[in-house]
Each structure stands twice: as C-alpha cells, then as structure tokens.
Amino acid sequence: MIPRFLTVTTIGIEDTYFAHVLPLVAMPVGLFLIKQFIDQIPDSLIEAAVIDGATDFKIYWRVILPLIKPAIATAAILAFQLVWNDMETSNLYTTSENMRTLAFFMNTLAAQTNVVVGQGMAAVASMIMFVPNLILFVFLQSKVMNTMAHSGLK
C-alpha cells in the first residue's frame, strides 16, 4: 500500500477519479492472462504479416489484437470488479466526500445501524453492488466463454 500511496501522491492524482482506477489497473491476473493469450498466437501468423510488409503497429492492430479480444474482455471484467468493489482507495487517496466510491458509502451505511437492520441493509447493499457486475458479464459473456474454451489449447 505504501508504494501505491507514494505513486499516487507523486503523480498528484489524489482526490481524482484516476486515483481510484490507476493503482488497480495493472492487476497481475489480467496481465498474465493477456500475456498467455499472446504467447499462444502462432509465430507463422506474425511471420506472414511481416512478409506481407506490415509494420509492428499494424501487426499488433490487425493480427494480435483481434485474436486476444476474449482475454481483454475477461481482464476488463476482472478489473471492473476490482475497482467497483474497492473501498481502500476511498480511505487512502480521497479526502472529499464527493470522490468516495459507492462501495465505501454502502459499507458505512450498513455499519452505522443496529444489528438486525444492519443485516438487511448489508444484503441490499450487496445486491446493489452486484447488479453492475452482472450486467457487464451478460454483455461480455460470449467473449469470456471464448477465453475459457481457448485456455487449455495449444
């Protein structure tokens, strides 16, 4: 947490939306997933693009990127869930109330009530926090299933 905090303060993005997203974007699972997908691309496909006269950027844009779209969709879902459910950025990087996340307010709402009502409030807060994840998954479901189908193939 200390290197993240020092990075956020050095860049000067505290109390901004970037402070919520930037420290969590480089998640190891997503990077490893995309790296593994890129490693599965046959070298002959890239060599054929080089023979056709494509530049490195064109090879990436026209050959590699379309082949790794399922991995990017899966990494996007995982990154969204990580950022959406994160409360520590509200505690560490923001001081103003209008920059706090919904997860932070849902947690404080359920914690400030009595035990019986707090359980109901916590259940409703969990449902509210779950719905955007479900909607994103429904839209990207075919891509995610495609990722799982290719994960064990060589």
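Position numbers for residues count from 1 along each chain, tracking the sequence in the order it is written. Owing to the predicted nature of the model, reporting of local features is limited to residues with pLDDT of at least 70; listing and counting of side-chain atom pairs is limited to 80 or more, with chain, interface and lining totals taken over all residues. Only heavy atoms go into the side-chain values, all of them from the structure, while hydrogens and water stay out.

With reference to specific residues and values, describe the overall build of the chain.
For the chain, the helix and strand inventory stands at nine helices and zero strands. From first element to last, N terminus to C terminus, the chain shows the α and β order α-α-α-α-α-α-α-α-α. A total of 154 residues make up the chain; the buried ones form 27% of that total. We call two residues in contact when some of their heavy atoms are within 4.5 Å. A separation of at least 24 residues holds for 65% of the contacts in the chain among residues at least 6 apart in sequence. Accessible area of the chain: about 10300 Å², with a carbon and sulfur share of 70%. For helices the rule is a DSSP run of H or I covering at least 4 residues; for strands it is a run of E covering at least 2, with both sets numbered from the N terminus onward. Here's how the labels work: a residue is buried when its accessible area is under 20% of the maximum for its type, exposed when over 50%, partly exposed in between, all with a 1.4 Å probe on protein chains only. Note on areas: Shrake-Rupley, 1.4 Å probe, and residue coverage restricted to the protein chains presented here.

Provide a residue-level description of the nonpolar core, including the pertinent values.
The nonpolar side chains of a soluble globular protein tend to be buried with one another. By convention a nonpolar core is built from buried Ala, Val, Leu, Ile, Met, Phe, Trp, Tyr and Cys residues, the set being connected through side-chain atoms within 4.5 Å. Leu33, Phe37, Ile41, Ala49, Ile59, Val63, Ile64, Leu65, Ile68 and Ala71 together form the largest nonpolar core, which totals 10 residues. Contributions of two or more residues to this core are made by helix H3 (28–39) and helix H5 (56–67). Apart from residues lying up to four places away in sequence, Ile59 is in contact with Ile46, Ala49, Val50, Ala54 and Ile64.

Describe the packing of aromatic side chains, listing the residues and the values that go with them.
Pairing of aromatic rings covers Phe, Tyr and Trp, the last counted by its six-membered ring, and requires centre-to-centre distances within 6.5 Å; plane angles under 30 degrees mean stacked, over 60 mean edge-to-face, and any other angle means tilted. Under the defined criterion, the tally for this structure stands at four aromatic pairs. Taking the centre distance of 5.9 Å and the plane angle of 15 degrees together, the rings of Phe57 and Trp61 count as stacked. Linking Phe57 with Trp61, this pair stays in helix H5, spanning four residues, or about one helical turn. Assessed through its relative accessible area of 59%, Phe57 is described here as exposed. Here the aromatic rings of Phe104 and Phe105 are separated by 5.6 Å at their centres, their planes lie at 75 degrees, and the arrangement is edge-to-face.

Could you give me a rundown of H3, with the residues and numbers involved?
Along its 12 residues, H3 runs 16 Å from first to last C-alpha, staying within 8% of the 16 Å computed at 1.5 Å per residue. The set of residues buried in H3 consists of Gly30, Leu33 and Phe37. Taken down its axis, H3 places every buried residue within 65 degrees of arc, on the same side. When the buried face of H3 is taken as reference, the exposed residues oriented beyond 90 degrees from it are Pro28, Leu31 and Phe32. Residue count minus one, scaled by 1.5 Å, sets the expected span of a helix. What the arc describes is the spread of directions from the helix axis to the C-beta atoms.

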